[in-house]
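A closer look at the structure
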Amino acid sequence: MTKNQANLPLFIEFGTDSWHLLRGADGIDLPVDRLENGHLTTACKESLQAALLRFSMGPPGGEGAVYCGIPARGVSWRRLILPRCSPQDLPGILKLQIESEFPVHPDHLAWGWRTIPPTGIKESGRSQEILVLAIKKSALDEFLEMLGARPGLVQFSLSGLARFEMISPVSGSCAILDVGKHDAEIVAFQDAVPELIRNLSWGSDRVVSALQEELGSARSEAEETLARLAEELDGPQAARIDSALSKALILLADQIRRICSSKVIYLTGQSSREIAPELGQYLGPGFECRWMDLAMGPGKTAATLSLQKLEGGEPGFISLKTESPTPVRKIKKTAHLPVKWMVLAAVLMLLVVVLPFLEAGLRTPTLRRSLETVRSKGPVLSAIDRQYGFLQNLKKNQSPYLDAIYLLAQSAPQGTKFESITMNRRGDLAFRGVMKDVNQVAEFRSKLIDSGFFSTVAFDEQTTSADRQKITVRGTAQWKPSSSRKAVSSPSPGTNAVGTNLLKTSAIGSKTNQPANTNIPATNAVLPPVIEGKR
Amino acid sequence: MIAKISISEKDRKTLRFGAIAIAFYLALFIGFKVYQSMEARRKSYLLLREEATRAQFELQPYKDKVLVLKTLMESFKLDPGKLSRPLVVAETSAAIQKSASSGGVMLAQVRETQSRSSSGELATIQMEGAGPLLAVLGFLHHLDSLGYPLILDSVAINSDPAKPGTTKISLSIILLDFEQWKKEGTPRA
């Protein structure tokens, strides 16, 4: 390979059993050794890397583009019906659709699409059908690591889809069966649109094993026999070979019949030339198996040749994008951000921060003025306090002299004569009077006690006159504190109850009943209600 | 003549970074100072508001106090603020005598005794008189509303055997000192 050839694009088919590299007219087939989990063994990796370096004369994707075909294992595909839109908007819409259809986020997928032509598909004028392929990016990491190339320079597609290019143009229904050593891959097309992609657990190794078993020969001999199947074989060996082929191919034919309705099947891959005619027989009448007669050589497989033919530019090619969404999309996404609401939220947040400071700035002068006004009224408040306290004290020290006289008058029996009444503000009451008999004295005492006004009532002296017509009494009483004494029942306003009763029942210094003097105000009636209750 | 200085791209970049750093520092410094000043003002406002709330709380009872005070002043017909200490004893004595004579009570003897200033009392007035019973009672009733801070310390009512229908009365009246109350604000009487 020359330096000029190193700038040519590189086409690789990553098969399960082998990798095929093609650049220009040069190619190489590299066998692959895998672990049970499907990953490459370390030794295989090293040998592959060395071979790749040798073949590419440097990192495989270092200078030119790399087009890769990968097996269908691990690839998901969907046919999506989407509303018609401009080609610029389609990737965005597809991404949203993929996000809802696939279990993995589109950013973690390598995915590609192609529009299915309107003919032969369910489609209305306002919708379009899209075929989408997707594979986890992590599944491609192994290939990228081996290539040592920048992801942007490497394009992946399905080998199965690419192979169709080798039989194009073909209309109607057909399928391509690629036979590998341990497995096979079948892709069915309807009018060039892929309808089915399956991996079959059948490989050319099955035929070799069957021949080995039937002929009782070594494996290498069985492989040679398989290579000579295309030639005419005669004799008893031919019958045994037929039997061996029958055992192996019936299994394959059964699998194909179950999943594929296409009657025309193109075969490619290992030993496909040899088994194609036999497989047609086992598939049954109506089925036709055609071997894809390609100019084979190192690195030249149906897939690599197709990739070379397409070079990623043809409509049938689906490139799996391995890069993150482009910045243009990001800008487009931010354009849909609710900028108006964000600005509003920012303004509100700013107000929340600034308002306390604004309030402080605006309200401080008013508040200061109000406080100064209140402070200036301090002396007034102090005067109110003093006057209030003084008058309360004055009220507290007002003694109920008239109430006491009123009660004496109410309680005294008819004909009683009081000679003297003495009272002081400590509540001491002393009286001296004349009553008719002892009964009147007792009645007077009980009435004074029942009034609830006095705490104690005592008659210190009771002297009966010589003619036993009157009793001179001298008594003392103590009225209760204002908080505990019973309120004196208020006489009706306008009447001089105290004076009238005192005059009716008895007269101080006179027995004569005098008419009431209406100029004397009633004890309680003239007092304001606030004070009345406490008297 | 101005010398032309050539600045390399690296120096230009350094200068640009320096300018940005200084601008950033200044913005932070000034912003912090402004914030500090505003925060101090806000704290002062909060203190002021707290003081105003306290003042409002203290003022609240005065609404009721004023109402009660007004009622008391009306009932006693007394405005303590208008009392004149040098004249109040004479005025009170005159008012009592006037009230007695207008009510029909003839006062015979009036004695005024100056009280000790520390007791909160201005003077003690003792008086004796005579008159019809109803006139005496009316006189007692009107004593409260004469418009002076009077406390009736003791009352003695006696019959007059010499004059039937006439009652003798003997009173001891204490005149409170508002000036003294102003100074001390404690009840004495």
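Residues numbered from 1 in each chain as written. Chains lettered and ligands numbered in written order. Predicted model: local features only at pLDDT ≥ 70, side-chain atom pairs only at ≥ 80, totals over all residues. Heavy atoms only, no water.

**Focus: the packing of helix 2 (residues 85-103) of chain B against helix 3 (residues 133-143) of chain B**
All names here are of chain B. Going by this rule: Lines are fitted to the C-alpha atoms to define the axes, a helix being fitted only along its stretch in contact, and any angle between axes, read from their N-to-C directions, falls within 0 to 180 degrees. Helical segments are the DSSP runs of H or I of at least four residues, strand segments are the runs of E of at least two, and each set is numbered from the N terminus. Whether a crossing is left-handed or right-handed is set by the direction in which the near helix is turned from the far one by less than a right angle, anticlockwise for left-handed and clockwise for right-handed. In what follows, residue pairs with any heavy atoms lying within 4.5 Å of each other are defined as contacts. Only Asp, Glu, Lys and Arg are considered charged, only Ala, Val, Leu, Ile, Met, Phe, Trp, Tyr, Cys and Pro nonpolar, and every remaining residue, Gly among them, polar.
Contact geometry for helix 2 and helix 3: axes closest at 9 Å, N-to-C directions at 150°. You can see that helix 2 and helix 3 cross each other, and the crossing is right-handed. Counted together, Ile-96, Ser-99, Ala-100 and Gly-103 of helix 2 and Ala-135, Phe-139, His-142 and Leu-143 of helix 3 form the full contact between these two elements. Residue composition of the contact of helix 2 with helix 3, by class: 5 nonpolar, 3 polar and no charged.

**Quick word on the side chain of Ser-204 of chain A**
Residues and elements named next belong to chain A. Under the convention used in this document: Each residue gets one of three labels from its accessible area relative to the maximum for its type: buried under 20%, exposed over 50%, partly exposed in between, using a 1.4 Å probe on protein chains only.
You can see Ser-204 is positioned in helix 6 (residues 204-215). Of the residues examined, Ser-204 reaches a relative accessible area of 6% and is grouped as buried. When near neighbours in sequence (up to four residues on either side) are disregarded, Ser-204 contacts Val-179, Gly-180, Lys-181, Leu-226, Gln-270 and Ser-271.

**Overview of the confidence of the model for chain A**
All names here are of chain A. Just so we agree on the cut-off: The pLDDT score gives, residue by residue, the confidence of the prediction method on a 0 to 100 scale.
Summing up the model confidence of chain A, the mean pLDDT is 77 and the portion of residues at 70 or higher is 81%. Scored below 50 in pLDDT, residues 492-507 shows 51 contacts in the model against residues more than four places distant or in partner chains. Every residue in residues 509-535 scores below 50 in pLDDT, and together they form 59 contacts with partners more than four places removed in sequence or on other chains.

**Description of helix 4 (residues 137-147) of chain A**
Of all the positions in helix 4 of chain A, only Lys-137, Leu-140, Glu-142, Phe-143, Leu-144, Met-146 and Leu-147 of chain A are classed as buried. Two residues or fewer past helix 4 of chain A, Gly-148 of chain A is found with a positive phi of approximately 60°.

**Some details on the packing of aromatic side chains**
Residues and elements named next belong to chain A. The criterion, for reference: Ring pairs are drawn from Phe, Tyr and Trp, using the six-membered ring of Trp, whenever the two centres fall within 6.5 Å, and their geometry is named by plane angle: stacked under 30 degrees, edge-to-face over 60, tilted for the rest.
Inspection of every chain in the model, using the stated rule, returns 15 aromatic pairs over all chains. Between Phe-164 and Phe-189, the aromatic rings sit 4.3 Å apart at their centres with planes inclined by 35°, giving tilted as the arrangement. Residue Phe-164 is located in the loop between helix 5 (159-162) and strand 9 (173-179), and its partner Phe-189 is located in strand 10 (residues 184-190); the two are separated by 25 residues in the primary sequence. Neither Phe-164 nor Phe-189 differs from the other in exposure class; each is buried.

**Examining the sheet that holds strand 6 (residues 109-115) of chain A**
Residues and elements named next belong to chain A. Keep this limit in mind: In short, DSSP must find at least two bridges between two strands for them to pair.
Pairing in this open sheet of 3 strands is antiparallel, and the strands run 5-7-6 from one edge to the other. Two strands lie at the open edges of the sheet, namely strand 5 (76-83) and strand 6, each paired on one side alone. This sheet shows a mean twist of 30° between the axes of neighbouring strands, independent of strand direction. With 7 bridges connecting them, strand 6 and strand 7 (residues 127-136) associate as antiparallel partners. Following the sheet pairing, Trp-113 is matched in strand 7 by Val-132. Sheet strands in contact with helix 4 are strand 6 and strand 7, and its direction is about 60° off that of strand 7.

**Structural notes on the pairing of strand 12 (residues 264-269) of chain A**
Residue and element names in this part refer to chain A. Rules: Handedness is read with the strands pointing away from the viewer; a crossover is right-handed when the path from the first strand over the helix to the second is clockwise.
By the criterion of burial, strand 12 is predominantly enclosed, with 5 of the 6 residues buried. Judged from the 5 bridges that link them, strand 9 and strand 12 form a sheet pairing that is parallel. Across the sheet, Ala-175 pairs through a bridge with Ile-265, a residue of strand 12. Direction of pairing for strand 12 relative to strand 13 (residues 288-291): parallel, over a ladder of 4 bridges. Bridge pairing in strand 13 links Tyr-266 to Arg-290. Crossover strand 12 to strand 13 through helix 9 (residues 272-283) is right-handed.

**Focus on the nonpolar core**
Basically, it comes down to this: We call a set of buried residues a nonpolar core when its members are Ala, Val, Leu, Ile, Met, Phe, Trp, Tyr or Cys and they connect through side-chain atoms within 4.5 Å of each other. Each domain span listed reflects an automatic or database assignment of domains.
In terms of nonpolar packing, the biggest core is built from 68 residues, with Leu-140 and Leu-171 of chain B touching the most fellow members. Both of domain 1 (10-76) and domain 2 (79-184) of chain B provide at least three residues apiece to this core. Ignoring sequence-local partners within four residues, the contact set of Leu-140 of chain B consists of Leu-402 and Ile-405 of chain A together with Leu-152, Val-155, Ile-157, Ile-169 and Leu-171 of chain B. One finds Val-66, Ala-110, Leu-161 and Phe-164 of chain A within the second-largest nonpolar core, a separate group that totals 49 residues.

**Some remarks on the sheet that holds strand 2 (residues 18-23) of chain A**
Strand pairs in the sheet, formed through backbone hydrogen bonds, run parallel or antiparallel to each other. Residues and elements named next belong to chain A. Within the open sheet, the 5 strands sit side by side as 3-2-1-4-8. Their pairing is mixed. Looking at the sheet topology across the chains shown, the edges are occupied by strand 3 (26-31) and strand 8 (154-158). For this sheet, the mean angle separating the axes of adjacent strands, direction not counted, is 15°. Note that strand 1 (residues 10-14) and strand 4 (residues 66-70) share 4 bridges and pair parallel. Across the sheet, the residue bridging to Glu-13 is Gly-69, located in strand 4. Across the sheet, helix 10 (residues 302-310) lies against strand 1, strand 2 and strand 4, angled at about 145° from strand 1, the strand it touches most.

**Topic: unusual backbone geometry**
Unlike most non-glycine residues, Arg-468 of chain A shows phi in positive territory, near 60°. With respect to the helices, strands and loops of the structure, Arg-468 of chain A is situated in the loop between strand 16 (454-464) and strand 17 (471-479). A positive phi angle, near 50°, is found at Lys-77 of chain B, a position not held by glycine. Residue position: Lys-77 of chain B is located in the loop between helix 1 (9-76) and helix 2.

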